[in-house]
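Next come the chains, spelled out residue by residue.
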Amino acid sequence: MFESVKSLPDDESEGPAFRVHEWLTVKYESEKHISLHWRSEPISDMVSDSVVALVLNISREIPKVVVESEEATKTEEENNKKAEKVIHALLVSLFGDVQFGENEKLVISVDGNVAHLDKQSGNVESKNEGLKERVRGAFQWIQNAVKPIPLSVS
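Treat the numbers as computed from the prediction; the structure is a model and nothing was measured.

**Some thoughts on the overall build of the chain**
Item 1. Looking only at helices and strands, the chain features 3 helices and 8 strands.
Item 2. Order of helices (α) and strands (β) in the chain, N terminus to C terminus: β-β-β-β-α-α-β-β-β-β-α.
Item 3. On the chain, roughly 11900 Å² of surface is accessible, and the fraction owed to carbon and sulfur atoms is 53%.

Quick look at the structure:
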């Protein structure tokens, strides 16, 4: 969420503290209290607002998820099918000509250059290094968007 979060040395603060985007200092005061310090400017006000919202959301109890095993299998299969369709559609929107090849691979053609993408491993084979890197990067980005890191079920 925040690109730049740096821990402050102990000599700059009396207890644990960190700086967010060089605009805001967050200090640990006690087990139930923190303090925020910033210069009143539009950007630092926005950063402080988002840190306050983050802190308030941390204090909420995370709801437990209960999943039935049979339904979970069906739902997982349905989600995988939907994810495959979305991945294919996004690759088509980025590269144009995307065909299904052998062994679960996608064949991507751009300006006469061809790349073969293994959907399972994410490996890309192509004679054109530029296309190879573009496909690899796009696929990783799409995978992260479509299949984010799952929350543990307890």
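**Focus on the sheet that holds strand β5 (residues 97–100)**
Item 1. Taken in spatial order, the 4 strands of this open sheet run β5-β6-β7-β8, and their pairing is antiparallel. Looking along the sheet, the strands with just one partner apiece sit at the ends: β5 and β8 (124–126). Strand-to-strand, the axes of this sheet are offset by a mean angle of 20°, without reference to chain direction.
Item 2. Pairing geometry for strand β7 (residues 113–118) and β8, over 3 bridges, is antiparallel. Across the sheet, residue Leu 117 finds its bridge partner in β8, namely Val 124.
Item 3. The strands touched by helix α3 (residues 129–146) within the sheet are β6 (105–110), β7 and β8, with β7 carrying the most contacts at an inclination of about 35°.

**A short note on the side chain of Ser 35**
Item 1. Here Ser 35 is to be found in strand β4 (residues 33–38).
Item 2. The exposure class assigned to Ser 35 is buried, which follows from its relative accessible area of 16%.
Item 3. Here His 37 takes part through its side chain, which lies 3.0 Å from a polar atom of the side chain of Ser 35.
Item 4. Ignoring sequence-local partners within four residues, the contact set of Ser 35 consists of Thr 25, Val 26, Lys 27 and Glu 29.

**Brief notes about unusual backbone geometry**
Item 1. With a phi close to 55°, His 21 is a non-glycine residue in the positive phi region.
Item 2. Among the structural elements, His 21 can be located in the loop between β2 (17–20) and β3 (24–30).
Item 3. Not every positive phi belongs to a glycine, and Glu 104 is a case in point at roughly 60°.
Item 4. Following the sequence through the fold, Glu 104 ends up in the loop between β5 and β6.

**Considering the pattern of salt bridges**
Item 1. A complete count under the given rule lists 5 salt bridges for this structure.
Item 2. Its salt-bridge partner being Arg 39, residue Glu 41 comes within 3.5 Å of it at the nearest N-O pair.
Item 3. The exposure class of Glu 41 is partly exposed, given its relative accessible area of 25%.
Item 4. Put simply, Lys 119 and Glu 84 hold a salt bridge, and the shortest N to O gap is 3.2 Å. One end of the pair, Lys 119, is in the loop between β7 and β8; the other, Glu 84, is in helix α2 (residues 69–95), and 35 residues separate them in sequence.
Item 5. Residue Glu 84 is classed as partly exposed on the basis of its relative accessible area of 28%.

**Some thoughts on α3**
Item 1. Look at α3: 25 Å from first C-alpha to last across 18 residues, which is about the 26 Å you get at 1.5 Å a residue.
Item 2. Where α3 begins, the capping side chain belongs to Asn 128, and its oxygen is found 2.9 Å from the backbone nitrogen of Gly 130.

Quick notes on the rules
- Starting afresh in each chain, residues are numbered from 1 along the sequence in its written order.
- At least 70 in pLDDT is required for a residue's local features to be given in this predicted model, at least 80 for side-chain atom pairs to be given and counted, and no such filter applies to totals for whole chains, interfaces and linings, which use all residues.
- Hydrogens and waters are ignored; side-chain quantities use all the structure's heavy atoms.
- The secondary structure listing takes helices from DSSP runs of H or I that are at least 4 residues long and strands from runs of E that are at least 2 residues long, numbered from the N terminus.
- For every accessible area listed, the method is Shrake-Rupley and the probe measures 1.4 Å; residues are considered covered only by the protein chains on display.
- What makes two strands pair is DSSP finding at least two bridges between them.
- Helix axes are fitted only over the stretch in contact, all axes being lines through C-alpha atoms; the angle between N-to-C directions runs from 0 to 180 degrees.
- By the convention used here, residues are in contact when the closest approach between their heavy atoms is within 4.5 Å.
- Any residue under 20% of the maximum accessible area for its type is buried, any over 50% is exposed, and the rest in between are partly exposed; the area is computed with a 1.4 Å probe on protein chains only.
- The definition of a polar contact used here is a pair of N or O atoms within 3.5 Å, where within protein one atom must be able to donate a hydrogen and the other to accept one, and adjacent residues in sequence count solely through side-chain atom pairs.
- A carboxyl oxygen of Asp or Glu within 4 Å of a side-chain nitrogen of Lys or Arg is what we treat as a salt bridge.
- The length a helix should cover is 1.5 Å for every residue beyond the first.

By themselves, these figures tell us nothing about what the structure is for.
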